[in-house]
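Summary of structural features
As a plain string of letters, each chain reads:
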Number of protein chains: 2
Amino acid sequence: MSLPVPTMEAPPVGVVGLGQLGGSLAAALVAAGRDVRGWDVDPAAREAAAARGVRVTRELGGVVVLAVPLPAMAAALDGLDVDPAATVTDLGSVKVPVLGSVGAALGGRFVGGHPMAGTERSGHAATDPELFRGARWALCLEPGTELPRWLRAAEVALDAGAEVVPVTAAEHDDAVAAVSHVPHLLAAALAAAAGSAGPLALALAAGSFRDGTRVIGSDPAFVTAMVEGNAGPTAAALARVLAQLERPWPELVSAGHGVRSAQAGEGAGRRAVRVPLDRAALLSLGRAGGAVTRRLAAFVEGWVPEG
Amino acid sequence: MSLPVPTMEAPPVGVVGLGQLGGSLAAALVAAGRDVRGWDVDPAAREAAAARGVRVTRELGGVVVLAVPLPAMAAALDGLDVDPAATVTDLGSVKVPVLGSVGAALGGRFVGGHPMAGTERSGHAATDPELFRGARWALCLEPGTELPRWLRAAEVALDAGAEVVPVTAAEHDDAVAAVSHVPHLLAAALAAAAGSAGPLALALAAGSFRDGTRVIGSDPAFVTAMVEGNAGPTAAALARVLAQLERPWPELVSAGHGVRSAQAGEGAGRRAVRVPLDRAALLSLGRAGGAVTRRLAAFVEGWVPEG
């Protein structure tokens, strides 16, 4: 057995956009001892970040994280002075469109990312350095992605307390359509239909309605950009949900309960694995439902679900 | 101005079924100083209730509360010694079918009820005397319901910390189809569809999936009995949700967000009202989205939403 070989010193991180996600990431990385710089068009967000130890500057390098809303992604670096050797990653909730815009401009230097975290709140006042603790963070490994850059982006996610799920952009967009974008549409439809049912129905609304509609409390512009930005996979995933609703109710209830129970019990059965620094091996880990928890010099450590 | 005239001394309460709902109600009423008796077919549930100050006996009178699952409702009083003058109420999640079975046998002595409380847990170990605090409690006022018995049942709900919503059984079943039963079906369909999408999708599932599927963590037999027991209104409410899903997404998201935001902000605008002890006036209060918070001798106090 040999001791792990330390990797090169961690590069600085530059966070563009210091709202809930970017501000939380910057704060988490400051806490983890990283050199964190950042910028936001909003002076109040810059001030809040500076108070948390972020060096506010337009000069960014190392790993640059785009933490801006999807519609602002393509122009996020405009007016900033970014090291042309920097690795660029993002936190956007869809990946194929971002790969097509930012990724097309940056080539192998771009690593698409998406932390499965965040709440219905937004803005720098909703910053929480623990936001990513234990969350899954999808990180795209396209055929053209430079693996050393992918690993640098992965270190950022790991330093924020997340677990990294290697995916392709297309796989990611299909998966989040099913587990995130369709839930937003269902919540909207449920709320809108109950609203039209009148005051008595809303007066009787309790836990199942509150839970089933919580995500539609999010900023509608954000939700619309998300579902429209992933329209194809979201429409396909919605069709699969509608097909489930055609099943006899006892069968539907039983199937849904089974998935939910298995999901709620996850973490009980995890098997530790080591994965070589190889695209195919990393993507296999993600497809098996696993995640990377630590980067070492010659491999990563992680886990896959048991059974 | 005259001081309120005290009502007659509160009668004993007999709780049949001491699981999560019945056990919690019994505990809440003991805490409120009521004389509480109870029975359960399960000796462990009886023991747990006795430890909370409930007098365990088959001899019940005053206001008898049926806190058993829907399929057991019609036979809930079998083997018990119930005062033939007792008022009988229930906690079942659908009201027209219970009115047709228990109500048909008991006539004006039966007052259908449904507290909008409970969690995905069940059984006497999930008992919580605060379960009903601040919850809405639908209480049916049919043309044949004897108003003094309705008021006795209302006192039980109020003593448990709930607010009473006067409804007809049919109005109740339509309303809960929209805000409770359809959410259960949507949660089941969402979970089942995500399950078939594979391990990567479930690995990326985060807050929106957890919230959107939480209620389907409930006992499937309970959920199935609920939706099948309210099949007509639930199918109609589901069709209304499906119609919402046909709208353009930006419009759908905006409509859903509007209802959710108004709902989340409720309580901000409430106007206090006094309602005479009259069926039509009480039902109007419920239809306006209001609730009863206190019973006095000649009227009830409550509130309606402002605006």
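Residues numbered from 1 in each chain as written. Chains lettered and ligands numbered in written order. Predicted model: local features only at pLDDT ≥ 70, side-chain atom pairs only at ≥ 80, totals over all residues. Heavy atoms only, no water.

**Some details on the sheet that holds strand β5 (residues 63-66) of chain B**
All names here are of chain B. Let me state the cut-off plainly: Two strands are said to pair when DSSP picks up at least two bridges between them. Numbering of helices and strands runs from the N terminus; a helix is a DSSP stretch of H or I covering at least four residues, while a strand is a stretch of E covering at least two.
Taking strand neighbours across the sheet as the criterion, the 6 strands line up as β3-β2-β1-β5-β7-β8 in an open arrangement whose pairing is parallel. Whereas interior strands pair on both sides, the edge strands pair on one side only; in this sheet they are β3 (55-56) and β8 (110-111). Inspection of the sheet shows β5 paired to strand β7 (residues 87-90) by 4 bridges, in the parallel sense. Residue pairing for β7: Val65 is matched across the bridge by Thr89.

**Some remarks on the packing of helix α9 (residues 231-244) of chain A against helix α5 (residues 169-197) of chain B**
For any two helices packed against each other, one specifies the inter-axial angle together with the distance between the axes. The condition that has to hold: Angles shown run from 0 to 180 degrees and are taken between the N-to-C directions of axes, each axis being a line fitted to C-alpha atoms and, for helices, limited to the stretch in contact. With respect to orientation, any angle under 35 degrees is reported as roughly parallel, any angle over 145 as roughly antiparallel, any angle of 65 to 115 as roughly perpendicular, and every other angle as oblique. Two helices crossing with the near one rotated counterclockwise from the far one by less than a right angle form a left-handed crossing, whereas a clockwise rotation gives a right-handed crossing. Only heavy atoms matter for contacts: two residues are in contact if any of them lie within 4.5 Å across the pair.
The contact between α9 of chain A and α5 of chain B brings their axes to 8 Å, and the two run at 120°. Of the possible angle classes, the one that applies to α9 of chain A and α5 of chain B is oblique. At the point where α9 of chain A passes α5 of chain B, the crossing takes the right-handed sense. Packed against α9 of chain A, whose contacting residues are Arg240, Val241 and Gln244 of chain A, the element α5 of chain B presents Ala189, Leu190, Ala192 and Ala193 of chain B at the interface.

**Some points on the packing of aromatic side chains**
All names here are of chain A. Cut-off, in case you're wondering: Stacked, edge-to-face and tilted are the three classes for Phe, Tyr and Trp ring pairs, Trp counted by its six-membered ring, which pair at centre distances within 6.5 Å; planes under 30 degrees apart are stacked, over 60 edge-to-face, the rest tilted. Between buried and exposed lies partly exposed: a residue is buried under 20% and exposed over 50% of the maximum accessible area for its type, with that area taken using a 1.4 Å probe on protein chains only.
All told, the structure shown has 2 aromatic pairs over all chains when counted by the stated rule. Their ring planes at 45° and their centres at 5.3 Å tell us that Phe132 and Trp137 sit as a pair that is tilted. The class for Phe132 is buried, based on a relative accessible area of 0%. Judged by its relative accessible area of 3%, Trp137 falls in the buried class.

**Re the relation of the copies chain A and chain B**
The criterion, for reference: A least-squares fit on C-alpha atoms brings the copies together, and the residues used are those whose pLDDT is at least 70 in both copies.
Least-squares fitting of chain A to chain B yields an RMSD of 0.0 Å, with the transformation described by 0.0 Å of translation along the axis and a rotation of 180°. What the rotation and shift describe, once combined, is the action of a two-fold rotation axis. Taken as a fraction of all interface residues of chain A, those also at the interface in chain B reach 100%, which identifies the copy contact as same-surface.

**What to know about the pairing of strand β1 (residues 13-16) of chain B**
Residue and element names in this part refer to chain B. Cut-off, in case you're wondering: Look down the strands so they point away from you; if the path from the first strand over the helix to the second goes clockwise, the crossover is right-handed.
Because side chains alternate across β1, one face comprises the buried residues Val13 and Val15, and the other comprises Gly14 and Val16, equally buried. Taken together, the 4 bridges between β1 and strand β2 (residues 36-39) define a ladder with parallel strand orientation. Looking across to β2, one finds that Gly14 is bridged to Arg37. A crossover connection joins β1 to the parallel β2 through helix α1 (residues 20-31); in handedness this β-α-β unit is right-handed.

**What to know about the environment of Val182 of chain A**
Along the polypeptide, Val182 of chain A turns up in helix α5 (residues 169-197). Distance in space between the C-alpha atoms of Val182 of chain A and Val227 of chain A is 8.0 Å, their sequence separation being 45 residues. If we ignore the near neighbours within four places in the chain, the residues touching Val182 of chain A are Ala177, Thr234, Ala237, Leu238 and Val241 of chain A together with Leu190 of chain B.

**With respect to the sheet that holds strand β3 (residues 55-56) of chain A**
Taken in spatial order, the 6 strands of this open sheet run β3-β2-β1-β5-β7-β8 (chain A), and their pairing is parallel. Pairing within the sheet leaves two strands with one partner each, and these edge strands are β3 and β8 (110-111) of chain A.

**What to know about the interface of chain A and chain B**
Which entries qualify depends on this criterion: For salt bridges, the criterion is a side-chain nitrogen of Lys or Arg within 4 Å of an Asp or Glu carboxyl oxygen. Two N or O atoms count as a polar contact when they lie within 3.5 Å, although within protein this holds only if one can serve as hydrogen donor and the other as acceptor, and sequence-adjacent residues are included solely when both atoms are side-chain atoms.
Between chain A and chain B, the contact holds 75 residues from the first and 75 residues from the second. Taken together, the links from chain A to chain B amount to 2 salt bridges. Arg214 of chain B is the partner of Asp211 of chain A in a salt bridge, and the nearest nitrogen-oxygen pair spans 2.2 Å. For the pair chain A and chain B, the number of links is 14 residue pairs in polar contact (both at pLDDT 80 or more). Counting residues per element, the side of chain A that touches chain B draws most heavily on α5 of chain A, which supplies 21 residues.

**Re the pattern of salt bridges**
Residue and element names in this part refer to chain B. Taken as a whole and assessed by the stated rule, the structure comprises 26 salt bridges over all chains. With a shortest N-O distance of 2.7 Å, Glu155 and Arg295 are connected by a salt bridge. Taken as a pair, Glu155 in helix α4 (residues 147-159) and Arg295 in strand β13 (residues 291-295) lie far apart in primary sequence, 140 residues in all.

**Examining the domain arrangement of chain A**
Many analyses report the size of an interface as the accessible area lost when the parts associate. Residues and elements named next belong to chain A. The following threshold applies: Domain start and stop points were drawn from an automatic or database domain assignment. Values labelled buried area give the accessible surface lost by two parts on being combined, using a 1.4 Å probe and summing over both. The residue classification treats Ala, Val, Leu, Ile, Met, Phe, Trp, Tyr, Cys and Pro as nonpolar and Asp, Glu, Lys and Arg as charged. All others, Gly included, are polar.
According to the domain assignment, chain A contains domain 1 (13-167 + 269-305) and domain 2 (172-246). For domain 1 and domain 2, the distance between their C-alpha centroids amounts to 26 Å. With 12 residues of domain 1 at the contact, the number on the domain 2 side is 11 residues. Where domain 1 abuts domain 2, roughly 960 Å² becomes buried across the two surfaces, and 64% of that area is made up of carbon and sulfur atoms. At the surface where domain 1 touches domain 2, the tally comes to 0 salt bridges. Counting across the interface, domain 1 meets domain 2 through 3 residue pairs in polar contact (both at pLDDT 80 or more). When grouped by side-chain class, the residues that make up the side of domain 1 that touches domain 2 number 8 nonpolar, 2 polar and 2 charged.

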